[in-house]
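The chain contents come next:
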Amino acid sequence: MKFALMILTIAFKSYAFTPTDADKAGLIYFHQYDLNDSNINIVVEVDKGEQYFNLYDDKNKKIINFPMAQTEAFNKTEVTAINKYDGNIILSLWNKGAHGKQLFIHDIKSGKELLHIKSSYTLDYTIGVDHITVNWTGDMLK
């Protein structure tokens, strides 16, 4: 019993991850989504001043990896299913510059970007049963 407790303690210590460790590693955001047929991991991290958005499948294969400019910062992400698409999609909202926002929508299976909307000021969205409504103020940017 003592031996099993010692192994459990060693295993726990080797996998413990404190906020300080996360900060040193450049980790900004991590979330695991349990989907019907698999799991995905969303990881946002900083490397050399740039934030990277990464999506991994349940076999730890990187499906999406894209860098954001230094003036852009991660805001939030959600996974949902919309009838128009076969399977789940991921929405990620980013700050863009001083006031702007941008929304990326990706297909989870393929990693393909389905939509990218940029606004010079606020931008947010709501998810309906078979649609996504995007609301913004200011100019749409190209």
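Residues numbered from 1 in each chain as written. Predicted model: local features only at pLDDT ≥ 70, side-chain atom pairs only at ≥ 80, totals over all residues. Heavy atoms only, no water.

Another point: the nonpolar core. For soluble globular proteins, nonpolar side chains are generally found buried alongside one another. Core analysis: the biggest nonpolar cluster contains 16 residues, and Phe53, Val79 and Ile90 have the highest contact counts within it. Elements with a minimum of two residues in this core: strand S2 (39-47), strand S3 (50-56), strand S4 (62-68), strand S5 (72-81) and strand S6 (88-96). Apart from the residues within four sequence positions on either side, phenylalanine 53 is in contact with Ile42, Val43, Val44, Ile64, Asn65, Phe66, Thr77, Ile90, Ser92 and Trp94. Residues Leu91, Leu123, Tyr125 and Val134 belong to the second largest nonpolar core, which totals 10 residues. (Core = buried A, V, L, I, M, F, W, Y, C linked by side-chain atoms within 4.5 Å. Buried < 20%, exposed > 50% of the residue type's maximum accessible area, 1.4 Å probe, protein only. Helix = DSSP H or I, 4+ residues; strand = E, 2+ residues; numbered from the N terminus. Contact = heavy atoms within 4.5 Å.)

The next point concerns the sheet that holds strand S1 (residues 27-34). Spatially, S1-S2-S3-S4 is the arrangement adopted by the 4 strands of the open sheet, whose pairing is antiparallel. In the strand order of this sheet, the two ends are held by S1 and S4, each with one partner. Shown here is a sheet whose adjacent strand axes are inclined to one another by a mean of 10°, direction ignored. Bridge count between S1 and S2: 7 bridges; the pairing is antiparallel. Bridging across to S2, phenylalanine 30 finds its partner in valine 43. (Pairing = 2+ DSSP bridges. Axes fitted to C-alpha atoms, helices over the stretch in contact; angles between N-to-C directions.)

What follows deals with the pattern of salt bridges. For the coordinates displayed, the defined rule picks out 3 salt bridges. Put simply, aspartate 58 and lysine 59 hold a salt bridge, and the shortest N to O gap is 3.9 Å. Residue lysine 59 is classed as exposed on the basis of its relative accessible area, which comes to 71%. Across the pair glutamate 72 and lysine 96 runs a salt bridge whose closest N-O atoms are separated by 2.9 Å. Taken together, the residues span a long stretch of sequence, with glutamate 72 in strand S5 and lysine 96 in strand S6 at a distance of 24 residues. (Salt bridge = Lys/Arg side-chain N within 4 Å of Asp/Glu carboxyl O.)

Scope: geometric values only; no functional claims are made or implied.
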